[in-house]
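If you want the building blocks of each chain, they are given just below.
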Amino acid sequence: MTGTTVRHLGEDLPRLTSLRAFAALAVFFFHIARNTSWGPGGITFMHGYVGVAFFYVLSGFVLTWSTRPETTTGTFYVRRFARVYPSHFVMFLVALVVPILVYPVTLPSAGANLLLIQAWFPQWPIAFGMNGLSWSLSCEFFFYACTPFLLRWGHRRSDRTLVMALLGWFAVTTLGAVALTLNGLDIYAFTNPLIRSGEFGLGVLAGLLALRGRLPRVPMWVAVAVVGAVWYLTVARQLPQSLTGAAFALPFLLLVVAGATNDLARRPGPLRSRALVYAGQVSFGFYLVHELVIINGEPYWSGWAQSKTTAVLLLLGVLTLAFLLATALHEWVERPCQRLIRSRWEPSKRAVSYT
């Protein structure tokens, strides 16, 4: 292994936390556009679902960046379970009692959702059953399962091997998405964890290079401009969801690199503000909450949007309600459960060796 340095390992990168809020907001606007007749923006946000691709790239980077070589395999798994599952389980219970879901509750959909394996099923009612957005957590759990072994492999490889292998894997998964889409299985290409793992691998690649001090410094405005250009070029094309997500993966990688390198250089900027960082911390809860808020509230407030002004005000109201519920989920479930689980069940043996 050449040129390796871990002097920044685990250092806080507030820009990346703040960017999570914008990715969650893109998904929120997508569900507003999809589930309401009054949502402002027209087709502008009809592919806001690509925010999930950003989460996957970011997840690969952050897990690589923050996982120390001495972290045990068991500790890694406990930490990821503690971070994700309690909030998911609470929203699973909420989905059992709310009057409106995207698909009716069935035993297969409930069981798959509870075990977070629903994304492996190519049936819409299972993949998007219960709290539909939790399909992406099914992918994340697969990525988590692979991460200790991927990092063990990655830390022993040269820069050139990493770039060729992980960019190559992204190319393979993209071709897999194309093949599935051509055979009428775009839903499976969009949700299948193996297909989506290419995006996660891009983040792992950037994380490994960052630890070695190999990332080029990218101005934030350049990364934002590239993402904006891809958004503009794809917004009216109505491409299959899986291919649209793949189109954004490399621009999102550039955005993650820009955020990380600017934070490491201690450059000031609005993305380092406390308000945006907190919004990013709450974004996981917001992601889990917002669709159920939209579809269950729509029968009651749809008649309020009689003009563009009232539609915008209604949008702000729904956004505020979802954020308040997400904050409650974050403060009363996510954080305390994370502390409790980690304090009781983090093992301390069987270290993962990266050297």
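See the structure above.
Keep in mind that what you see is a predicted model, and the values were worked out from it rather than measured.

Q: Any chance you could explain the state of the cysteines here in plain terms?
A: When the sulfur atoms of two cysteines share a covalent bond, that bond is a disulfide. Counted according to the given criterion, the structure contains zero disulfides. Not part of a disulfide, cysteine 139 finds its nearest cysteine sulfur in cysteine 146, a span of 11 Å.

Q: Can you help me understand helix 9 (residues 193–211) in this one?
A: Owing to its 3.6 residues per turn, the α-helix aligns residues three or four sequence positions apart on the same side. For helix 9, which comprises 19 residues, the first-to-last C-alpha distance of 26 Å matches the rise-based estimate of 27 Å (1.5 Å per residue) to within 8%. At glutamate 199, helix 9 shows its largest bend, some 30°. Of all 19 residues in helix 9, 18 are buried, a share of seventy percent or more. The residue sitting at the N-terminus of helix 9 and contributing the capping side-chain oxygen is asparagine 192; that oxygen lies 2.9 Å from the backbone nitrogen of leucine 194. Glycine 213 occupies a position one or two residues after helix 9 and carries a positive phi of about 70°.

Q: So what exactly am I meant to see when it comes to empty space enclosed by the protein here?
A: The gaps of empty space that remain are located by a probe, the size of a water molecule, rolled over the atoms. Applying the stated criterion across every chain, the model contains one cavity of 30 Å³ or more. In this structure, the largest cavity encloses a volume near 70 Å³. Along the walls of the largest cavity sit Phe170, Thr173, Thr174, Ala177, Ala189, Ile195, Arg196, Glu199, Ser242 and Ala246, which together make up its complete lining. Ranked by residue count, the leading element in the lining of the largest cavity is helix 7 (residues 159–182), at four residues.

Q: I keep staring at the pattern of salt bridges and nothing clicks. Help me out?
A: What the rule picks out here adds up to nine salt bridges. Its salt-bridge partner being arginine 15, residue aspartate 263 comes within 2.7 Å of it at the nearest N-O pair. One end of the pair, aspartate 263, is in helix 11 (residues 241–264); the other, arginine 15, is in helix 1 (residues 14–35), with 248 residues separating them in the sequence. Per residue, the accessibility class of aspartate 263 equals that of arginine 15, and both read buried. A salt bridge links arginine 79 to glutamate 346, with the nearest nitrogen and oxygen atoms 3.0 Å apart. Placement of arginine 79 in helix 3 (residues 73–97) and of glutamate 346 in the segment after helix 13 (308–345) is noted, with a sequence separation of 267 residues between them. Among the ionic contacts, a cluster of salt bridges with common partners joins Arg15, Asp263 and Arg272.

Q: What's the story with the layout of surface pockets in this structure? I'm lost.
A: In this model, the largest pocket occupies a volume close to 1,200 Å³. Lining the largest pocket are 39 residues; nearest its centre among them are Arg20, Val62, Leu63, Arg80 and Arg83. Listing elements by their share of the lining of the largest pocket, those giving two or more residues are helix 1, helix 2 (51–66), helix 3, helix 6 (135–154), helix 12 (274–301) and helix 13. At 10 residues, the largest contribution of residues to the lining of the largest pocket is made by helix 2.

Q: Would you mind going over the packing of helix 3 against helix 4 (residues 107–115) with me for this structure?
A: Two numbers describe a pair of packed helices, the interaxial angle and the distance between the axes. The contact between helix 3 and helix 4 brings their axes to 10 Å, and the two run at 160°. Compared by their axis directions, helix 3 and helix 4 come out roughly antiparallel. As for how helix 3 packs across helix 4, the hand of that crossing is left-handed. For the pair helix 3 and helix 4, contact is made by Tyr85, His88, Phe89 and Phe92 and by Ala110, Asn113 and Leu114, respectively. Of the residues that constitute the contact of helix 3 with helix 4, the class distribution is five nonpolar, two polar and no charged.

Q: Honestly, the packing of aromatic side chains in this entry has me stumped. Any pointers?
A: Any two aromatic rings considered together are summarised by their centre-to-centre distance and by the angle between their planes. Across all of its chains, the model carries 25 aromatic pairs by this definition. Seen from their ring centres, phenylalanine 55 and tyrosine 287 are 5.8 Å apart, and the 75° between their planes marks the pair as edge-to-face. Separated by 232 residues along the polypeptide, phenylalanine 55 in helix 2 and tyrosine 287 in helix 12 bring together distant segments of the chain. Taken as a pair, phenylalanine 55 and tyrosine 287 share a single burial class, namely buried. An aromatic cluster is present here, built from Phe28, Phe29, Phe45, Phe54, Phe55, Trp231, Phe248, Phe252, Phe286 and Tyr287 joined pairwise through their rings. Between arginine 196 and the ring centre of phenylalanine 190, over which it is positioned, the NZ or CZ distance is 5.0 Å.

Q: Explain unusual backbone geometry here, please?
A: Among all residues except glycine, the phi angle is most often negative; among peptide bonds, the trans geometry is most common. Within the chain, leucine 116 stands out as a residue other than glycine whose phi angle is a positive 55°. Following the sequence through the fold, leucine 116 ends up in the loop between helix 4 and helix 5 (124–127). By relative accessible area, leucine 116 is classed as buried at 3%. Phi is positive for methionine 130, close to 55°, though the residue is something other than glycine. As for its placement among the helices and strands, methionine 130 is situated in the loop between helix 5 and helix 6.

Definitions and cut-offs
- Residues numbered from 1 in each chain as written.
- Predicted model: local features only at pLDDT ≥ 70, side-chain atom pairs only at ≥ 80, totals over all residues.
- Heavy atoms only, no water.
- Disulfide = S-S within 2.5 Å.
- Helix = DSSP H or I, 4+ residues; strand = E, 2+ residues; numbered from the N terminus.
- Expected span 1.5 Å × (residues − 1).
- Bend = angle between axes of the 7 residues up to and from the residue.
- Buried < 20%, exposed > 50% of the residue type's maximum accessible area, 1.4 Å probe, protein only.
- Polar contact = N/O pair within 3.5 Å; in protein donor to acceptor, adjacent residues only side chain to side chain.
- 1 Å grid on protein atoms, 1.4 Å probe; cavity = no way out; pocket = protein on both sides within 12 Å on 5 of 7 lines; lining within 4 Å.
- Points joined across faces, edges and corners; volume = space filled by probe spheres on them.
- Salt bridge = Lys/Arg side-chain N within 4 Å of Asp/Glu carboxyl O.
- Axes fitted to C-alpha atoms, helices over the stretch in contact; angles between N-to-C directions.
- Parallel < 35°, antiparallel > 145°, perpendicular 65-115°, else oblique.
- Left-handed = near helix turned anticlockwise from the far one by under 90°.
- Contact = heavy atoms within 4.5 Å.
- Nonpolar A, V, L, I, M, F, W, Y, C, P; charged D, E, K, R; others polar.
- Phe/Tyr/Trp six-rings, centres within 6.5 Å; stacked < 30°, edge-to-face > 60°.
- Lys NZ or Arg CZ within 6 Å of the ring centre and 35° of its normal.

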